[in-house]
Amino acid sequence: RENFIHLHNPHLEKMKEDILYHFALGTGTHDFPALFGDVKFVCVGGSPSRMKAFIAYIAEELGLGGPGCDYPNICVGTDRYAMYKVGPVLSVSHGMGIPSISIMLHELIKLLHHAKCSNITIIRIGTSGGIGLEPGSVVITRQSVDATFKPQFEQVILGKTVIRSTNLDEELAKELMQCSQEMSQFNTVIGNTMCTLDFYEGQGRLDGAICLYSEEEKLQYLKEAYDSGVRNIEMESSVFAAMCSLSGVKAAVVCVTLLNRLEGDQISSSHDVLVEYQQRPQKLVGYFIKKSLGKV
């Protein structure tokens, strides 16, 4: 059964043209079904360079490209986001934080709708701070929770607070975990992910420009997070989960931990080690895509 994207916006039907401003794309200037109609997997991550590296990696894994191949940025007309495509895989950057990924997702979901895509899987691949995990561990998110450990995304719309669910696809999380077990290359867990509005105070760091709490208060908070099921912290998963769920899209979040926040706040691993860590979600999701396409 084909599962198409659900758009919860009746106003779009009245528009003669839909301009995806932050992608520099539009239905009046681009043939969305021709450009994107075959997309089945969308991978999103913060950094444009990381998403270009991912598309080069998956192209080689799927036998659709090799060393030296060029993958042009589809959103070359803007410097807000970068987008790359090879075969059925779309790779898109989303910047840092809830506002940035939210803007991207509004336009990405419309893009997939206009392209008449069906049976889409969207996976966020990224980095995070771990809680009680060795650096380099990969966390597959069960639920995204807010800074009070509630599985919800809260947004003010027309002056009123709207709360949306942040549940992710349970079966997809299990499939990804099975893939990691088959690969057997790095430690992977399924756990809750705390999504915050800030990198410093919002995550209980002691090294920001402003910090008005003690180290003991910080550790107590992080231990409370761990006890509630939280295994990592980042800044995008709540709105990602909420918007994908509303749009009827299977979605997952796969993030590597760069440090254990119970042991410190600053990332001290070498550049080479961090590069290898950042490749781990790409490898796991790449294996999942290959397996889904019968190439494993």
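Just so it is clear, the model here is predicted, and its values are computed rather than measured. (Residues numbered from 1 in each chain as written. Predicted model: local features only at pLDDT ≥ 70, side-chain atom pairs only at ≥ 80, totals over all residues. Heavy atoms only, no water.)

Caption draft 1: Quick look at the nonpolar core. By size, the foremost hydrophobic cluster in this structure holds 39 residues, and its most contacted members are Phe-23, Val-42, Leu-108, Leu-111, Leu-112 and Phe-240. Those elements that provide at least two residues to this core are helix H1 (32–36), strand S3 (41–45), strand S5 (89–93), helix H3 (98–114), helix H6 (237–246) and strand S12 (250–260). When residues of this core are assigned to their parent elements, the largest contribution, eight residues, is made by H3. Those residues in contact with Val-42 that sit more than four places away from it in its chain are Leu-90, Val-92, Leu-108, Leu-112, Ile-120, Thr-121, Ile-122 and Ile-123. Among the nonpolar cores identified, the runner-up in size contains 36 residues, and Ile-140, Val-256, Leu-259 and Ile-289 belong to it. (Core = buried A, V, L, I, M, F, W, Y, C linked by side-chain atoms within 4.5 Å. Buried < 20%, exposed > 50% of the residue type's maximum accessible area, 1.4 Å probe, protein only. Helix = DSSP H or I, 4+ residues; strand = E, 2+ residues; numbered from the N terminus. Contact = heavy atoms within 4.5 Å.)

Caption draft 2: Looking closely at the UniProt feature "binding site: substrate" (unreviewed entry) in the protein chain. Here, the residues flagged by UniProt with the feature "binding site: substrate" (unreviewed entry) are Gln-203 and Arg-205. Position of Gln-203 relative to the elements: it lies in the loop between strand S10 (188–195) and helix H5 (215–227). Gln-203 gets classed as buried once you look at its relative accessible area, which sits at 3%. The residues touching Gln-203, leaving out its near neighbours within four places in the chain, are Thr-196, Asp-198, Leu-222, Ile-233, Glu-234, Met-235 and Arg-261. (UniProt positions renumbered as here; feature names shortened; annotations may be inferred.)

Caption draft 3: Seen up close, the pattern of salt bridges. Under the definition given, this model contains eleven salt bridges. With a closest N to O distance of 3.6 Å, Glu-170 and Lys-174 form a salt bridge. Of this pair, Glu-170 and Lys-174 both sit in helix H4 (residues 170–183), four residues apart, which is roughly one turn of the helix. We classify Lys-174 as partly exposed; its relative accessible area is 44%. Notably, a salt bridge pairs Glu-171 with Lys-174, separated by 3.9 Å at the nearest N-O pair. Of the two residues, Glu-171 and Lys-174 both sit in helix H4, three residues apart, roughly one turn of that helix. (Salt bridge = Lys/Arg side-chain N within 4 Å of Asp/Glu carboxyl O.)

Caption draft 4: View of the pairing of strand S6 (residues 121–130). Of all the ten residues making up S6, nine are buried; the element is thus mostly covered by neighbouring parts of the structure. With four bridges connecting them, S3 and S6 associate as parallel partners. Residue pairing for S6: Phe-41 is matched across the bridge by Thr-121. In terms of strand pairing, S6 meets S12 through nine bridges, oriented parallel. In the strand pairing of S12, Ile-125 is matched with Val-254. Direction of pairing for S6 relative to strand S11 (residues 230–234): antiparallel, over a ladder of two bridges. The partner of Gly-130 across the bridge, within S11, is Asn-232. (Pairing = 2+ DSSP bridges.)

Caption draft 5: Local environment of H3. Between its first and last C-alpha atoms H3 spans 24 Å; for 17 residues at 1.5 Å apiece the expected length is 24 Å, and the two agree. Most of H3 is tucked away, with 13 of its 17 residues classed as buried. Downstream of H3 by a residue or two, Lys-116 has a phi angle that is positive, lying close to 60°. (Expected span 1.5 Å × (residues − 1).)

Caption draft 6: Looking closely at the environment of Leu-7. Take Leu-7: it is sitting in the segment before strand S1 (19–20). Along the chain, Leu-7 and Ala-173 lie 166 residues apart, while their C-alpha atoms are 24 Å from each other.

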